[in-house]
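Here's the letter readout for the chains.
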Amino acid sequence: ATRLQRGPLAPKGLQTRAVGARVASRAVPPPVTAKLCHAGHQDMRLSLRGNQLHELPSTLSLLLNLESLDLNSMHGLKELPKKLFELRSLLSLNLSDCNIGDKGLCSLADAIKENGTLFELNLSHNKFARTGLTHLAKCLATNTGLITLDLLGHRINSEVASAFVDMFAGNM
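None of the values given here were measured: they were computed from a predicted structure.

(A) Broad picture of helix α3 (residues 158-171). An ideal rise of 1.5 Å per residue puts 20 Å on 14 residues; α3 measures up with 20 Å between its terminal C-alpha atoms. Every buried residue of α3 is accounted for by Val 160, Ala 163, Phe 164 and Met 167. Taken around the axis of α3, the buried residues stretch over an arc of 95 degrees, which confines them to a single face. The outward face of α3, more than 90 degrees from its buried face, is lined by the exposed residues Ser 158, Val 165, Asp 166 and Ala 169. Looking at the buried positions of α3, the neighbouring elements they touch are α2 (130-140) and β10 (148-150).

(B) Spotlight on the environment of Ser 162. By secondary structure assignment, the location of Ser 162 is in helix α3. Using a relative accessible area of 38% as the deciding quantity, one classes Ser 162 as partly exposed. Separated by 28 residues in sequence, Ser 162 and Thr 134 have C-alpha atoms that sit 8.9 Å apart.

(C) Molecular detail of the pairing of strand β7 (residues 66-70). Where burial is concerned, most of β7 is hidden: 4 out of the 5 residues are buried. For β7 and strand β8 (residues 92-94), the ladder comprises 3 bridges, and the chain directions are parallel. By the bridge assignment for β8, Ser 68 is matched with Ser 92.

(D) Structural detail: the packing of helix α1 (residues 102-112) against α2. At a closest axis distance of 8 Å, the pairing of α1 and α2 adopts a crossing angle of 5 degrees. Taken together, the axis directions place α1 and α2 in an arrangement best described as roughly parallel. Between α1 and α2, the residues in contact are Asp 102, Leu 105, Cys 106, Ala 109, Asp 110 and Ile 112 and Thr 131, Gly 132, Leu 133, His 135, Leu 136, Cys 139 and Leu 140, respectively. Taken together, the residues of the contact of α1 with α2 sort by class into 8 nonpolar, 3 polar and 2 charged.

(E) View of α2. For α2, the full list of buried residues reads Gly 132, Leu 133, Thr 134, Leu 136, Ala 137, Cys 139 and Leu 140. On its buried side, α2 packs onto α1, β10 and α3.

The rules behind the values
Residues numbered from 1 in each chain as written. Predicted model: local features only at pLDDT ≥ 70, side-chain atom pairs only at ≥ 80, totals over all residues. Heavy atoms only, no water. Helix = DSSP H or I, 4+ residues; strand = E, 2+ residues; numbered from the N terminus. Expected span 1.5 Å × (residues − 1). Buried < 20%, exposed > 50% of the residue type's maximum accessible area, 1.4 Å probe, protein only. Arc of directions from axis to C-beta. Contact = heavy atoms within 4.5 Å. Pairing = 2+ DSSP bridges. Axes fitted to C-alpha atoms, helices over the stretch in contact; angles between N-to-C directions. Parallel < 35°, antiparallel > 145°, perpendicular 65-115°, else oblique. Nonpolar A, V, L, I, M, F, W, Y, C, P; charged D, E, K, R; others polar.

From the geometry alone we can't say anything about function, so treat these as descriptive.
Printed below as a string of structure tokens:
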């Protein structure tokens, strides 16, 4: 039997999760879940952590007060909406464990190249390598807003390390 629970802080219907869902000894993937925290009218955090979505709705860019977007463990995510990085309020983006490869990282790096409002970017435990990391370092050389970059779980060789040293030297 499947039992659904509604999250206590979410508006009606916004956060739903499956609890112990099994059909004929086969696990059923959880439904799309979202947790939207709205502290007053000024800041907004959205967590879509662990969902099976392949793409995010383009209307996400209409959340003008969105400060934090958590997409951790969204393994099926193919790409981010291009207008997402036009949000001047987006300060933190968590893309940890999203199976992002070199191609995805290069697209992301190009998108945040001129973004001066994103302060924190978590790219830990993804699938990119030297090519993507080197491109990211080159793109971040012109980004003056990023303060925290998490690359935990990636092997960084001397070529990549050199690209990041050059990036930091150019940003000081």
